[in-house]
Amino acid sequence: MFKFTKKHIALFLVLTMALSLVGCGKDKAPTSSNKGEGKFVPGVYTGEAKGISDTLTLEVEVDEENILSVKILNHSETPGISDTAIDRIPKEIVEYQSLNIDTISGATVSSTAILEAAKQALEKAGANIDDLLKEVDKSSSNGEVIEKTTDVVIVGGGGAGLAAAVSALQNNAKVIVLEKMPTLGGSTIMAGGQYNAVDSKRQEALTMRPELIKQIEGITKEEPVNEIHKRLMSELAEQIKEYKKNKSTYMFDSPQLHALQAFNGGDKKGNLELIEKFAYGAKESVGWLEGLGVKISDEIATVTGALWPRTHQFIKPLTTGPIDAYVEFISSKGDDAEIILETKITDIIMKDGKAVGVKGLQGNNEIIVNANKGVIIATGGFARNKELVAKYDELWGDLSNLNSTNSVSATGDGIVMADAIGASLVGMEYIQLLPVGHPETGGMSGNISINAANQLFINNKGERFVAEDSRRDTLTKGLLEQPDQIMWILHDAHEYYNEDVKNDFNESIGKLVESGIAVKGNTIEELAEQMKVDPATLKNTVDTYNKAVRGEISDPLGKNLLQDEFNKAPFYASVRVPTIHHTMGGIEINTDAQVVDKNGNIIKGLYAAGEVTGGIHGSNRLGGNAIPDTVVYGKIAGESAALEK
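Conventions adopted
- Residues numbered from 1 in each chain as written.
- Predicted model: local features only at pLDDT ≥ 70, side-chain atom pairs only at ≥ 80, totals over all residues.
- Heavy atoms only, no water.
- UniProt positions renumbered as here; feature names shortened; annotations may be inferred.
- Helix = DSSP H or I, 4+ residues; strand = E, 2+ residues; numbered from the N terminus.
- Pairing = 2+ DSSP bridges.
- Axes fitted to C-alpha atoms, helices over the stretch in contact; angles between N-to-C directions.
- Contact = heavy atoms within 4.5 Å.
- Domains from an automatic or database assignment.
- Parallel < 35°, antiparallel > 145°, perpendicular 65-115°, else oblique.
- Left-handed = near helix turned anticlockwise from the far one by under 90°.
- Phe/Tyr/Trp six-rings, centres within 6.5 Å; stacked < 30°, edge-to-face > 60°.
- Buried < 20%, exposed > 50% of the residue type's maximum accessible area, 1.4 Å probe, protein only.
- pLDDT = per-residue confidence, 0-100.
- Nonpolar A, V, L, I, M, F, W, Y, C, P; charged D, E, K, R; others polar.

Per an unreviewed UniProt entry, the recorded name for the protein chain is Urocanate reductase, and the organism is Tissierella praeacuta DSM 18095. Comment text from UniProt for the protein chain, heading Catalytic activity (unreviewed entry), reads "dihydrourocanate + A = urocanate + AH2". For the protein chain, the Sequence similarities (unreviewed entry) comment in UniProt is given as "Belongs to the FAD-dependent oxidoreductase 2 family. FRD/SDH subfamily."

Following this line, the structure appears as structure tokens:
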């Protein structure tokens, strides 16, 4: 069993892995083609294959009978996601003398690239590749029962689980985190790193357009659905009144506005108590994250589907900044904290109506972890479980042909376990699609969207078809109505001001163009030719949009977040398709992150946080609200469990 300690931090601490790189030299095989009686021609050989966004190169050394070493020479794989594949697969090729090595779940593209490059190198060494692909015996000894005891057991090592671990430790509890994958981070680490939160200091750098005042004033005049709704609208109305009285021009925001937009954005299907706690918690958690060492950009933008300029961006790629900080903090706690990887938990142990531990499997071993204070479920959503998606979806119809942006670990394990002990499930029918999936994988790589206020969504006719600042379900419905269900995201040099500027997934625009994932034009007409759409139509579309930005006309599609004209060359576009992105439903919790049973009673000792829960986002999650959800309710769950609320 692997225990996560300081000794192993170089392997599992995402983002801080320092991979030793060596120069790529020429193959050093003997010039003779006579292989003799051995399996290989002794020497050193190189191979290369396409990784996530660039070429991966490795070096293989062999003697006549054995593969002596496999070394990665250079790569551009994503830190924190591909680290385990890069470390483990070369070692296993040597250990098993085989290319029949399992790919690392969550890093399939990187794994496949390593195996393909190794195959290429070994072919140069004269290997019989069929022999190297034969199945090998990787079985270990018979399993044993491993039993551990701690204060707080956390199932899931993604954003919510790790935030909960930090919070529990800050409240003087000992913790064990159990993660079924070989790496930490879950779907959180794969996200683009967008974090919605009220932040007056950073938002004051933005100017408020008059139409946005009218938009939020309208929010205060709705028919209240309950007393919380009525109070929040009243508080927001007073804030707007004061803002106008002071003749302010900076970008207004408040937790009340954030909560009301999240509530309305989910069709008023969410639990407003949970949403209000979330909005205030998101604001407070910016400082909490920075206190852990997470660096956040000073620039505020609007991620696709966020509805308001309150989206923060982490400095480190994707969401590795928070994950990195969490793991560093947990690792600093010595024997008070342990992370156990590749451990699939299958059951919550109940005693006298209280959750007292969990059990599951790690390889051949059965593992039981007892909890003195509480069990936290943080296993993520179920976007990767086609059976659950088909069972609960009531809106979209057949989604079986769509891929997902989520980690392969998002199979609803925690929801199934909680349901089995009588936990209430809410909102399971609400499944969010996103219109910006990679055409082949459904993932987020290659998505050039940075700022919804400046992006254009263009169909294959060269026309806009939806307001780009709309909710994500509205955006996706608009895309699904296009004949081929394909669109282009367009940005110009207002965002991509040089070739080194990176998207939210750590990919530079220059590399994306070079690899063909994105296209570029120095004029609108040239971009249209690259997109294979009618140049005149696209030019007319852009001209009309620019008139709306200048205030000469109202935007024909009703876009309110209008920032810069689309007029600064060069111009870029990337093709996108619909993909399954988030499951809003899950385990019902209260504002203390306590799990509620089917009769409305609290299940003692059981807590949940993150995408495994339901009730916060209603029928539609706003873009940029997922990561703060993991932080806010992860923190709450950790504290509640540590204090035995």
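Colleague: I would appreciate a short explanation of unusual backbone geometry in the present structure.
Modeller: In most cases, non-glycine residues show a negative phi, while peptide bonds are predominantly trans. Looking along the chain, the bond that leaves Ala569 and enters Pro570 is cis, with omega of 0°. By secondary structure assignment, the location of Pro570 is in the loop between helix H17 (535–550) and strand S17 (571–583). In the Ramachandran plot, Leu307 falls in the positive-phi region, its phi being about 75° despite a non-glycine side chain. With respect to the element layout, Leu307 can be found in the loop between helix H10 (272–291) and strand S7 (311–313).

Colleague: Please explain the sheet that holds strand S3 (residues 67–74) as it appears in this structure.
Modeller: Within a sheet, adjacent strands bond to each other through the backbone by hydrogen bonds, running parallel or antiparallel. As summarised here, the arrangement of the three strands in space is S1-S2-S3, forming an open sheet in which the pairing is antiparallel. With one partner strand each, in any of the chains shown, strand S1 (43–50) and S3 form the two edges of the open sheet. This sheet shows a mean twist of 25° between the axes of neighbouring strands, independent of strand direction. Alignment of S1 against strand S2 (residues 55–62), held across eight bridges, turns out to be antiparallel. Bridged to Lys50 within S2 is Thr55. Across the sheet, helix H3 (residues 108–124) lies against S1, S2 and S3, angled at about 140° from S1, the strand it touches most.

Colleague: In this structure, what is going on with the domain arrangement of the protein chain? I would like to understand it.
Modeller: Note on interface size: it is often stated as the accessible area lost on association of the parts. Split by domain assignment, the protein chain resolves into domain 1 (43–133), domain 2 (146–198 + 267–430 + 584–643) and domain 3 (433–579). Taking only C-alpha atoms into account, the centre of domain 1 sits 37 Å from that of domain 3.

Colleague: Can you help me understand the environment of Ile616 in this one?
Modeller: With respect to the element layout, Ile616 can be found in the loop between strand S21 (613–614) and helix H18 (626–642). Note: C-alpha distance between Ile616 and Ile377 (239 residues apart in sequence) is 16 Å. Apart from residues no more than four positions distant in its own chain, Ile616 is found in contact with Leu274, Ile275, Asp629 and Tyr633.

Colleague: What is the right way to look at the packing of helix H5 (residues 159–170) against H18 in this model?
Modeller: The packing of two helices is summarised by the inter-axis angle and the distance between the axes. Between H5 and H18, whose axes approach to 7 Å, the crossing angle comes to 40°. By the angle between their axes, H5 is oblique relative to H18. The crossing of H5 and H18 is right-handed. Facing H5, whose interface residues are Gly159, Ala160, Ala163, Ala164, Ser167 and Ala168, H18 presents Thr630, Val631, Gly634, Lys635, Gly638, Glu639 and Ala642.

Colleague: Explain the pairing of strand S10 (residues 354–362) to me, please; I cannot follow it from the model alone.
Modeller: Looking down a regular strand, the side chains alternate between one sheet face and the other. Pairing of strand S9 (residues 344–351) with S10 involves seven bridges; the strand directions are antiparallel. Its bridge partner lying in S10, Lys344 is registered against Leu361. Hairpin geometry of S9 and S10 is characterised by an intervening segment of two residues between the two adjacent antiparallel strands and by a positive phi of about 55° at Asp352. Of the pairings in the sheet, the one linking S10 to strand S11 (residues 365–377) comprises six bridges and is antiparallel in character. Note on S11: the bridge partner recorded for Gly360 is Ile367. Counted along the chain from S10 to the antiparallel partner S11, the turn is two residues long, and its residue Gly363 has a positive phi close to 65°.

Colleague: How should the packing of aromatic side chains be read in this particular structure?
Modeller: Here the distance between the centres and the angle between the planes together describe a pair of aromatic rings. Evaluated as defined, the whole model comprises seven aromatic pairs. Ring centres of Tyr496 and Tyr572 lie 5.8 Å apart, and the angle between their planes is 65°; on these two criteria the pair is classed as edge-to-face. Placement of the pair is Tyr496 in the loop between strand S15 (487–491) and helix H15 (509–515) and Tyr572 in strand S17, with a sequence separation of 76 residues. Taken as a pair, Tyr496 and Tyr572 share a single burial class, namely buried.

Colleague: Looking at this structure, how should I read the environment of Ala259?
Modeller: Secondary-structure assignment places Ala259 in helix H9 (residues 255–265). Setting aside anything within four residues of it in sequence, one finds Ala259 in contact with Leu232, Leu272, Ile275, Glu276 and Ala279.

Colleague: Explain the sheet that holds S21 to me, please; I cannot follow it from the model alone.
Modeller: What the three strands build is an open sheet, ordered S12-S18-S21; its pairing is mixed. At either margin of the open sheet sits one strand with a lone partner, and together these are strand S12 (425–426) and S21. Packed on one face of the sheet, helix H13 (residues 413–420) meets S12 and strand S18 (586–588) and runs near 45° to S18.

Colleague: So what exactly am I meant to see when it comes to the confidence of the model for the protein chain here?
Modeller: Any segment with low pLDDT has predicted coordinates that should not be analysed in fine detail. Overall, the prediction assigns the protein chain a mean pLDDT of 91, with 92% of residues at 70 or greater. Within the model, pLDDT remains below 50 along residues 1–26, and this stretch shows 66 contacts once partners closer than five positions in the same chain are excluded. Low confidence marks residues 29–34, where pLDDT is under 50. Its contacts with residues over four positions away, or in another chain, come to seven contacts.

Colleague: Can you walk me through the packing of helix H7 (residues 210–219) against H9 in this structure?
Modeller: In the contact formed by H7 and H9, the axes pass within 11 Å of each other and the chain directions differ by 75°. When the axes of H7 and H9 are compared, the pair comes out roughly perpendicular. Only Leu257, Leu260, Gln261 and Asn264 of H9 make contact with H7, whose side of the interface consists of Gln215, Ile216 and Ile219. Split by residue class, the contact of H7 with H9 holds four nonpolar, three polar and no charged.

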